[in-house]
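# Close look at the chain arrangement
Residue-level listing of the chains:
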Amino acid sequence: MTKLVDLESLNAFKSDGVTVLRNVICEWVETLRAGIVWNLDNPGPSRRSYKGDCGGGEFHSDYCNWQRVSEYKDFIFNSSIGQIAAELMESESVRLFHEHILIKEAGADVATPWHQDQPYYCVEGPKNVSFWIPLDCVSRDRALEFVSGSHQDGNIYQPQFFNGTPLNEGDEMTPVPDIGANRKEFDIRGWAIKPGDVIAFDYRTIHGAPPNTSRTEQRRAFSLRLVGDNARFVRHEGRTTSPPFPDVTLKHGAPLEGVDFPILYLSKTNKRAIVK
């Protein structure tokens, strides 16, 4: 079987908690763009839009739409992304957690606050990967950024809405450090990226993004959150999770499985779950 992830990228994913893979999904860019057009015209119940104080463009977010957006389903199940995830996680199985679109219109003066994905989620496990897939060219000054190695320090920080307010008021969790005001104290990584590239990172890696300062170019991204072997569903008493998955009836600690969290790839057999 031909490997899709080189050793340098794999080692970076392990040590830094983030890596960039170049030109790995070029043939799927137009499919995902078409899916986003449909999704924006037909928003799901979790659609959110944020607008800054300066009257620029909006920041749109929506998730858990793969079952009704055919282009998302096509990419998730029929592309090589499952094999890429298996190699990065060194996992025998790859299972879908959810997908997420993040669209910053031209001039959207809304920053994505520094955060980790893990504290938002109702899943835990030793193997996971978030893919951030740009559908427009993104210069380094407008790119998603990461605190290298932050996935290994053992800290899980307070989750926030993307407008900066806590997801769970009064949860007493430690807020994310003020990275923006103390950038020199952190090893911050980021890349200029283009359609076809993929950024892969651990759920625990701290990351954030600046406003879209371009007055002419939007910044569309499709994000995919996957898990590997031994992922478990968790219920946090008294806390809201995002996504909330209100219809999932799994018990706390149960294996993450079922129609909402299908298998994408099995590495032992090199078998991809092809879905029409």
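Residues numbered from 1 in each chain as written. Predicted model: local features only at pLDDT ≥ 70, side-chain atom pairs only at ≥ 80, totals over all residues. Heavy atoms only, no water.

### Some remarks on the nonpolar core
Cut-off, in case you're wondering: Among buried residues, the Ala, Val, Leu, Ile, Met, Phe, Trp, Tyr and Cys ones that are joined through side-chain atoms within 4.5 Å form a nonpolar core. Whether a residue is buried, partly exposed or exposed follows from its accessible area with a 1.4 Å probe, protein chains only, as a fraction of its type maximum: under 20%, in between, or over 50%, in that order. Helix numbering and strand numbering both begin at the N terminus, where a helix is a DSSP run of H or I of at least 4 residues and a strand a DSSP run of E of at least 2. A contact between two residues is defined here by any heavy atoms of the two lying within 4.5 Å.
Counting residues in hydrophobic clusters, the biggest one holds 36 residues, and the most contacted among them are Phe-75, Ile-76, Phe-131 and Phe-222. By residue number, the principal contributor to this core is helix α4 (residues 81-89), which donates six residues. Excluding its chain neighbours within four sequence positions, the residues that come into contact with Phe-75 are Ile-25, Trp-28, Leu-32, Ile-81, Ile-133, Phe-222 and Leu-224. Counting residues in each nonpolar core, the second largest holds 33 residues, with Phe-59, Leu-167, Ile-193 and Phe-233 among its members.

### Details of the sheet that holds strand β5 (residues 112-115)
As a reminder, the rule being used: One requirement defines pairing of two strands: DSSP has to find at least two bridges between them. As a rule, the C-alpha atoms of each element are fitted with a line to give its axis, helices using only the stretch in contact, and angles between N-to-C directions run from 0 to 180 degrees.
Sheet architecture is open: four strands sit in the order β5-β11-β8-β9, paired in antiparallel fashion. Looking at which strands have only one partner, the edges of the open sheet turn out to be β5 and β9 (188-190). Pairwise comparison of adjacent strand axes, ignoring direction, gives a mean angle of 25 degrees for this sheet. When strand β8 (residues 145-147) meets β9, the two strands line up antiparallel, connected through three bridges. Residue pairing for β9: Glu-145 is matched across the bridge by Gly-190.

### Regarding the packing of aromatic side chains
Under the convention used in this document: Any two of the Phe, Tyr and Trp rings considered here, Trp counted by its six-membered ring, make a pair once their centres fall within 6.5 Å; the pair's planes then place it as stacked at under 30 degrees, edge-to-face at over 60, or tilted in between. Criterion for a charge above a ring: Arg CZ or Lys NZ at most 6 Å from the ring centre, at most 35 degrees from the ring normal.
In the structure shown here, the tally under the stated rule is 12 aromatic pairs. With a centroid separation of 6.1 Å and 50 degrees between ring planes, the pair formed by Tyr-50 and Phe-59 is classed as tilted. A centroid spacing of 5.1 Å and a plane angle of 80 degrees characterise the contact between Tyr-121 and Tyr-203, whose relative ring orientation is edge-to-face. Of this pair, Tyr-121 sits in the loop between β5 and β6 (123-124) while Tyr-203 is found in the loop between β10 (198-201) and β11 (207-209), placing the two residues 82 residues apart along the sequence. The residues Tyr-121 and Tyr-203 share a single accessibility class, namely buried. In this structure an aromatic cluster arises from ring pairing among Phe-97, Tyr-121, Tyr-203, Phe-245 and Phe-261. When the ring centre of Phe-59 is taken as origin, the NZ or CZ atom of Lys-104, which lies over that ring, is 4.9 Å away.

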